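If you want the building blocks of each chain, they are given just below.
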Amino acid sequence: MSQIKISRRQFLKRAGLLFAMSQLPACKPRPEEIIPYVKMPERLVPGNPKFYATAMTLRGIARGVLAESHMGRPTRLEGNPQHPESLGAIDPVSQAEIYTFYNPARSKGGLEKGKEIVRERQIQIIKTLAASLPERQGEGFRILMESSASPSLEAEVRKLLRALPRTVVHRFDPVSRDPVYEATARAFGQELQPVYDFTRPSFILSVSGDFLGDMPGALRYSRDYTEQRRRSSYATRLYSIECVWTLTGAHADKRLPVHPDQILPALLYILYRAGLHAEVPVPAESALRGFCDETAGGLKLAGAGGLIIAGEMEDPALQALCHVANSRLGSTAVRYISPVEVLRGETRSINELVEAMRDGSVRTLLVLDSNPVYTAPSDLAFEEAFLRVPDRIHYGLFRDETAARSTVHLPAAHNLEAWGDGKAYDGTVSIVQPLIQPLFDSVSPLELFSLLNSEAKSGYELVRDYWRYKAGGEFEKWWRKSLEDGIISGTASQSSSAAPVMNPDEVVAASQAPFNASSFTLVLCPDHRIWDGRYAENPWLQELPEPFTKLVWDTALFMSQKTADSLQVQHGDQVEIRQRGRMTQAAVFVLPGIADGTGFMTLGYGRPLLMQSKAAPSFNAYLLRTSSEPWVLRGVELAGRGAPYEFVSTQNHFNMQGRDIIHVVKGEDKTGRRLEQSKDPSISLYPPQPQEPYEWGMVIDLSSCIGCGSCVMACQAENNIVSVGKDQVGRSREMHWLRIASYFKGSEQNPQVYFQPIPCMHCETAPCEVVCPVAATSHSVEGLNEQIYNRCVGTRYCSNNCPYKVRRFNFYNYVDGDTEILKMFRNPDVTVRARGVMEKCTYCVQRINEARIRAQRENRRIREEEVRTACQQACPTGAIVFGNIMDRESEVAKARKNPRNYSLLAGLNTRPRTTYLAYVSPIGEES
Amino acid sequence: MKQLFPEGADTIFQLVCIAIIFGLIAFFPVRSFIENSSYMTYVGVFQNQDVPFSHAHHVGDMKFDCRYCHTSAEKSHFAGIPSGNVCFGCHSQLWNQAELLAPVRNSLETGTPLVWWRVNNLPDYVYFNHSIHVSKGMGCATCHGRVDLMPLTRKTKAWHMMDCLDCHRHPEEFIRPKDKVYDPWWKPPANQHEEGLKLLKEYNVRTDGILNCTTCHR
């Protein structure tokens, strides 16, 4: 063979050319597959979404939702208008459940001694266990579960306990509602649960009672409260006394931060001044005394229209006192029902479980959908005792810390793939219906118990069998209606007529201990987003900014400047927190409005075993928590100032610097203080906006916004917005189209806080449009500021020119296009954006287009209720109104005529289509 | 002294200049030619399918209505691809042993769906809605061509943005009476412009808003 003479250089040239040419056919589009059904389901219209009523559970309590399904894939959750708590609204956590369902970090199969096992083996393990139990009547078998409000699960557990009388079920919730029941047991002699009616009271005193935030029923409470406030022309008053920030405190007419040990004396003094019980000492501090006197006066005046609402984590004595006081006031705003949680009587505490594990009497422990290795009180040394149990079975959605210490792990089924049921805050039952076959090899809790009962019925049969017995009559019809409505009508609990049996003077006598605020007190509270840590694997919730600090992916040790000074620490200092030999790390975050001598941390962060790749190390407050002191830790010491910690927050400046970003007025007929106004709004270089039959606009009522973040989450779910991770947010690259800005105003000790949701303003004279070199952002005849991704080349000029900073740029390919499972739940009506393009709020143009097409097909005008943006739909308080401003009868047109209506940064003459209604603060200062 | 440039340097330089100028002039037409060639666009290219379904036979000879198989054209953005049981509505009786239909029978027996290759495909950032077009008097054949003459289905338009804009700018040139929407044999009348304007008014077609970017891109 003759040798080919070719230089190295020549070879590289030709090889390069060959390679380039081999790529050429890639320029040609390839045909795509299209796959029809084998047999199309009846009444399905391919391409049109279907909605199914089901329920999501938080703290075991059900919240009714409608799940949107595209061709059999659940894609989004929204509120169920028929559900008594939701009334169409939804909270951030329930919305994020859709991500939990498809979470790539979810457990995809069973584990036995660290090895993957198939479904058959999982079933076999449970069956073997079930077969071995009856021999010794279940001796040595224990179950650890969280509170649940599922009647059919109760029936299954009861059946198990009847067959195996020596089996013990333990109940442990990191955020327990036991104090609520202890309090009612003290006040009324029986366990009852208060249910409030916020359409009635004219004066509310909240004692850390976060009825706008984390209380079961909060969605309904927020709606009723804000609606009543609007209806009464802002005559209702909300006073709040608390040690940390709650959403309720933030929205109160008057709020006073006090040390946790001062709350009970203050409450006693208020009640004494209101004439509700015997005399108590007068608080020494004048601010506190003034607040108490004012509150007492309000309560006295309101009489039956008064309401005192205590936080669910507060001391039972304090809560009981509030119940008695409400009863003495004759308050019409509260009624009592029997506990919605089931199995309260049949279960024992985690302390007893740990004792039993330690003395070796537990042979098999089934941990049901909880993570005690991480969440159990640190004084119990749960992990050590747990490892003594020979057979440790963990059943849960994630392979968490407890799964890692178990001999067997079984994957749990999510509510979207399992049958079940659950009670709402008022006892109304919802059937949980699945939308899809289980994604992984999982069984539902009901099916698990059925297997333990050696029955092996399906979840569907179990739920139907349970309710067939209850329903009576024509079951099929009843069943269909219950599924369709998402609630079982007539299941709301009856009010109890129990009268108070407690004498409040007992509490008075017991609370004479002098208040000593010399040492530092640490208050723990559940996190607004990841709750007790169970949602830590959910990047949507991790990246939802904390309402007050806008912190993401993190918690901190929050304290006031004065406390920080007295402890000689600074914002950002990493410290060791020590109490009675226990220790954890945290970084100091200086936040105004926290009681002096107090700091707080939220639970759920710093989990040692997190699959979530975007997570960063954080601080674990559980390490300090004990079973006797779950919430308030006294005598805490700080030590060891470490390297400064960099907090990642989506807002870096919380002061308005005297600008009128948020208008505050005294009455609803007032206009705000207009500092920033365009000199002559009629002059503009822009062409006039055409007047079409539809011109879209949005009005946000700052008085109704409680800052819960539901709108942010709704926007994220609707518009395929990605979470980018802590590192990217740290570079200001968060992608949320809608942000809630928070501003503090007033004194450092006790400021007023305002929340302001900021979507795209859709300016009529939009500064972003004129600077785009490729016309990727333009104006529609209906007033939308359009962003066209396929046209965008990523110059970012528009973002630089936007005075509201609402545009978001894809610095990287943030969308995970490789993980198959994440492709399943993206909204097919919204483009998934790639790297290098700008994006922003579109006013949910896909919904406008859908509604227009529907209306045009039927040759009619678009009805007002047909177009609702995702944020508007999710908002529990109705703070966001959207619609056609050309229709004089529409809500949005009326709101724009409200004297309180103002534009943000009006001086720029951008003529925003999104406007705000000034915050009404009848007893505050106008500004 | 030796000359710096060889003798033909001037000629070469002139030729290179001319080549660059002509190259620049030719670039756009050539690019456009390639882009619009059926090699790139697949226009007029018959797409082989597992089941060689003939629209020519079903629509042309048998006079099937489009909606018999594409059931959701009036209700959804997606016109729908018939599931196997739609085929077997007739073919359980007719040609039920035909070799050509083996994949359909197979699919129904095993429960594995048929796989078709898309003929008309729009990019993912374009949101086309069938239902609004057919309900406002846009005929299937306007975009899909005379499927009644296609033994195997092929594209008749390249689906560049211009193909959409032509009609969105001048819908009166393409609109037809509603009862002729599913009629592949309909021919525009001589006075289509006047008739079209009349129909636009009658059907209440939105003419200015359909040129907004967000009509199709969102």
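For the structure itself, consult the block above.
Cut-offs and rules
- Residues numbered from 1 in each chain as written.
- Chains lettered and ligands numbered in written order.
- Predicted model: local features only at pLDDT ≥ 70, side-chain atom pairs only at ≥ 80, totals over all residues.
- Heavy atoms only, no water.
- Helix = DSSP H or I, 4+ residues; strand = E, 2+ residues; numbered from the N terminus.
- Buried < 20%, exposed > 50% of the residue type's maximum accessible area, 1.4 Å probe, protein only.
- Contact = heavy atoms within 4.5 Å.
- Areas by Shrake-Rupley, 256 points an atom, 1.4 Å probe, with all protein chains shown as cover.
- Lys, Arg positive; Asp, Glu negative; His and termini not counted.
- Charge placed at Lys NZ, Arg CZ, Asp CG, Glu CD.
- Buried area = accessible area lost by both parts, 1.4 Å probe.
- Salt bridge = Lys/Arg side-chain N within 4 Å of Asp/Glu carboxyl O.
- Nonpolar A, V, L, I, M, F, W, Y, C, P; charged D, E, K, R; others polar.
- Arc of directions from axis to C-beta.
- Pairing = 2+ DSSP bridges.
- Axes fitted to C-alpha atoms, helices over the stretch in contact; angles between N-to-C directions.

J.: Mind showing me how you'd approach the overall build of chain A here?
T.: Secondary structure summary: chain A contains 28 helices and 38 strands in total. In chain A, which comprises 927 residues, the share counted as buried stands at 62%. Pairs at least 24 apart in sequence give 74% of the contacts found in chain A among residues at least 6 apart. For chain A, the computed accessible surface area is about 36,300 Å², with 50% contributed by carbon and sulfur atoms. Where the 108 positive side-chain charges of chain A centre and where its 105 negative ones centre are 5 Å apart.

J.: What should I look at first to understand the interface of chain A and chain B in this one?
T.: Often, the extent of an interface is quoted as the loss of accessible area on bringing the components together. At the junction of the two partners, chain A supplies 42 residues and chain B supplies 45 residues. Together, the buried faces of chain A and chain B total about 4,100 Å²; carbon and sulfur atoms form 55% of this surface. Our enumeration of links across chain A and chain B arrives at 2 salt bridges. Those elements giving two or more residues to the side of chain A that touches chain B turn out to be strand S1 (33–34), strand S31 (777–779) and helix H26 (845–857) of chain A. Sort the elements by how many residues they give to the side of chain A that touches chain B and H26 of chain A lands first, with 8 residues. Per-class residue counts for the side of chain A that touches chain B are 19 nonpolar, 11 polar and 12 charged.

J.: I tried to follow helix H5 (residues 84–91) of chain B on my own but got confused; where do I start?
T.: Think of an α-helix as 3.6 residues a turn; residues three or four steps apart then line up on the same face. Residues and elements named next belong to chain B. Where H5 is concerned, the buried positions are Gly-84, Phe-88 and His-91. In a view along the axis of H5, the buried residues occupy a sector of 65 degrees, so they form one face of it. In this structure, the buried side of H5 is in contact with helix H3 (55–61) and helix H6 (102–110).

J.: Can you help me understand the sheet that holds strand S6 (residues 115–117) of chain A in this one?
T.: Whenever strands of a sheet pair, they do so through backbone hydrogen bonds, lying parallel or antiparallel. Residues and elements named next belong to chain A. Read from one edge of the open sheet, 8 strands run S6-S5-S18-S17-S16-S7-S8-S15, paired in mixed fashion. In this open sheet, the two edge strands, each paired with only one partner strand, are S6 and strand S15 (347–348). Summarising the sheet, strand S17 (residues 391–396) and strand S18 (residues 408–411) pair through 4 bridges and their orientation is parallel. Paired with Tyr-395 across the two strands is Leu-410, which belongs to S18. Across the face of the sheet, helix H11 (residues 350–358) comes into contact with strand S7 (141–145), strand S8 (168–171), S15 and strand S16 (364–368) while running at roughly 145 degrees to S7.

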